[in-house]
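Summary of structural features
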Amino acid sequence: MRVRLGVLGLALLTGLTAPPAASAAEAAPSPTVEERRLDRAVPQEILRRSGFDTVAPRLARALDAARSYGDARRAVTREGSRLWQRAVDRAQGRGPSGGDLSRDDDRPLYWARLGMTREVRTWEPEFGLTDRQRAALLDELERTSRGQTAIGYPHGKGLKRILLTGFDPFTLDRDIRISNPSGATALALDGTVIETADGPARIETAVFPVRWRDFTEGTVERALRPHLKKVDLFTTVSQGRVGRFDIERTNGAWRGGFGDNDNIGRTETIPVTDPASQPQWTTTTLPYRAIVAADTGRFPVYDNTSVTEIPAGGTEPVVRPDGPTPGSTARQGGGGDYLSNEIAYRATLLRDRLGLHDVLPGGHVHTPVLQFGAGNTTEVTDPEFVRNRLDIIAQVRTILRVASEES
C-alpha cells in the first residue's frame, strides 16, 4: 500500500454486551461508497463465478427472521464466521469451487462481505434498531468475516506459532477488478502448518479493511493484542511495488492523506492511545538479512531502509535512503504513508509497548503488485494473473519458513 513512491498497491469498537433495546425505530443509513460499488458489473461477475452471490441473500433472510436484537446478533455472528471459513476452505481446495473463478482469488470474500454489511446497514426491523445496535452488528460482522475472531493455536509444545495479516483490495475506482495478494495469502495460509528446520509452525491469519476510520478506532490493536504474547513470529503483509518484495525496515507515525476505500483521506500523525509516549519511528525485528539472502521464489526480495523525514530543526521533508536521523519527524516509513505503513507501525508499536521488542520477531512484508496479463484491460482474470498470485502466495510462505528458522 505505497502511494507516494510511484506505486500502485500496497498494502467500530463496541463492548461485548448487547446494547439496550431500541425504544423506536431509527432510520437506516444509506450504503457507503464502498458498498455502492457492488452494483457494478465486475463485482457481480466475481460473486457469480465463485458462488458467493448467495452469501448476502442468506444473511438477509436470517435478518428477516430475527425477532430481537439478540436474534440478529446471533445471525450476524454465524453468517460472518461462515463466510470466513467458506473463503478459507475455497482457497485451500476444500468443498465445491462454486464456479470457474480460480480458488486462490480473494475477491469473492471482499465483495460478499460488502453485500452483507450493506444488508445490515440498510435493514429496518419491525422491533426497531438503535444506531448503537446497528454499529455493534456491523462490528461483529466485520470481525468474524475477516478471521479476527477465529485466531487460535493448538496447545502443546514443539509447535511454533506465526501470525500473518492481509488487506482487502483497494484503489477500486482506478480498476474495479483489483485483487490484493496479501488477502489471498491470508486465505491460502490460514490454519496451515509449514515444516521448518526447527519443527512445525502453525500459521493463523486475519484480513483488515482499507479504511482510515477502522484503524483510528483501534481495529489492529484489538485483533492483535490478545495474541502477540503467545506467538513466535508475526508479519503484516500488503501489496507494494511492481516486481519485488520488500522487508520494510522502518515504519513512520504519519498518515499521508491518500483516499481509502470510502474515498476518505487523512493527513495527520497516526492516532494512538497515550500519544505523549508515541515514537516517530518503529523498526522491524524480522530477520531481514536472512530473508533477503535466501532463495525464496521468483521475485527479488529487498531490505528497504528508505524513509522520508523532517530532520530535527528542519521544516521540509527529506528522503533518507539509510533510515531516519535522530530527532526527526516521520513523513513516510519504508512502506510509505498509507495503511500498510500504518498497520506495520501499529503492530510493531504494540509489540514494543508489550515489552516484546527484543524477543518477538515482527514487521512488515510488501508483496509485488498483482498484475493482469499483457493486454487484459477488461477481463476479471487471466492465466498470468492467477500465476502471479499463486507465485506471490508461495513466496510469502517460504519467507515465513526462513523467518521462523532464523528466529
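What you see is a predicted model, and the numbers here were worked out from it, not measured in a lab.

Our focus in this paragraph is the packing of helix 3 (residues 55-65) against helix 4 (residues 69-91). Working note: a packed helix pair is described by the angle between its axes plus the distance between those axes. Two elements in contact, helix 3 and helix 4, have axes whose closest approach is 9 Å; the angle formed by their N-to-C orientations is 165°. When the axes of helix 3 and helix 4 are compared, the pair comes out roughly antiparallel. Once helix 3 is placed against helix 4, the crossing between them reads as right-handed. Contacts between helix 3 and helix 4 pair V55, R58, L59, A62 and L63 from the former with A72, A75, V76, R78, E79, R82, L83 and R86 from the latter. Here the contact of helix 3 with helix 4 is built from residues that sort into eight nonpolar, no polar and five charged.

As a further point, take the layout of surface pockets. The calculated volume of the largest pocket comes to roughly 220 Å³. Forming the boundary of the largest pocket are 14 residues, of which E221, R225, V272, T273 and R353 lie nearest the centre. When residues of the lining of the largest pocket are traced back to their parent elements, those giving at least two are helix 8 (212-216), helix 9 (219-228) and helix 11 (339-353). Of the residues forming the lining of the largest pocket, the biggest block, four residues, is contributed by helix 11. Counted by class, the lining of the largest pocket contains five nonpolar, three polar and six charged residues.

Where helix 5 (residues 107-122) contacts helix 6 (residues 131-145), the two axes come as close as 10 Å, and the packing angle between them is 165°. Taken together, the axes of helix 5 and helix 6 lie roughly antiparallel to each other. Handedness of the crossing formed by helix 5 with helix 6: right-handed. Here helix 5 contributes L109, R113, M116, T117, V120, R121 and T122 to the contact with helix 6, which in turn contributes R134, L137, L138, L141, E142 and S145. Partitioned by chemical class, the residues of the contact of helix 5 with helix 6 number six nonpolar, three polar and four charged.

Strand order in the open sheet made by the seven strands is 2-3-1-4-14-5-10, with mixed pairing throughout. If you trace the sheet from one side to the other, it starts and ends with strand 2 (193-196) and strand 10 (301-304), each paired once. Ignoring strand direction, the axes of neighbouring strands in this sheet form an average angle of 25°. Note that strand 1 (residues 160-167) and strand 3 (residues 199-208) share eight bridges and pair parallel. Each residue of the ladder has a partner; that of F167, found in strand 3, is F208.

Ranked by size, the top nonpolar core spans 63 residues in total, and within it W111, V120, L137, L164, F245, I291 and L400 carry the most contacts. The biggest single contributor to this core is helix 4, with eight residues. Once residues lying within four places of it in the same chain are set aside, the contact partners of I291 are I247, L286, T296, V301, I399, V402 and A403. Counting 23 residues, the second largest nonpolar core, distinct from the first, contains F167, L228, L356 and L360.

Cut-offs and rules
- Throughout this document, residue positions are counted from 1 along each chain, in the order its sequence is written.
- A pLDDT threshold of at least 70 governs which residues receive local features in this predicted model, and a stricter bar of 80 or more applies before side-chain atom pairs are shown or counted, although totals over entire chains, interfaces and linings include all residues.
- Hydrogens and waters are ignored; side-chain quantities use all the structure's heavy atoms.
- Lines fitted to C-alpha atoms define the axes, with helix axes restricted to the stretch in contact, and inter-axis angles between N-to-C directions lie between 0 and 180 degrees.
- To qualify as a helix, a DSSP run of H or I must reach at least 4 residues; to qualify as a strand, a run of E must reach at least 2; elements of each kind are numbered from the N terminus.
- Roughly parallel means an angle under 35 degrees; roughly antiparallel means over 145; roughly perpendicular covers 65 to 115; every other angle is labelled oblique.
- The hand of a helix crossing depends on one turn: near helix anticlockwise from the far one by less than a right angle means left-handed, and clockwise means right-handed.
- A contact between two residues is defined here by any heavy atoms of the two lying within 4.5 Å.
- Residue polarity is assigned by list, with Asp, Glu, Lys and Arg as charged and Ala, Val, Leu, Ile, Met, Phe, Trp, Tyr, Cys and Pro as nonpolar; anything else, Gly included, falls into the polar class.
- With a 1 Å grid laid over protein atoms only, a set of points is called a cavity when a 1.4 Å probe fits there but cannot get out and a pocket when it is open yet has protein on both sides within 12 Å along at least five of seven lines; lining residues have an atom within 4 Å of a point.
- Grid points are joined across faces, edges and corners, and a volume is the space filled by probe spheres set on the points.
- Any two strands with at least two DSSP-identified bridges between them are counted as paired.
- Within this scheme, the nonpolar core is defined by two criteria: the residues are buried Ala, Val, Leu, Ile, Met, Phe, Trp, Tyr or Cys, and they are joined through side-chain atoms within 4.5 Å.
- For every residue, the accessible area (1.4 Å probe, protein chains only) is compared with the maximum for its type, and the residue is labelled buried under 20%, exposed over 50%, or partly exposed between those bounds.

Just geometry here; none of it tells us what the structure is for.
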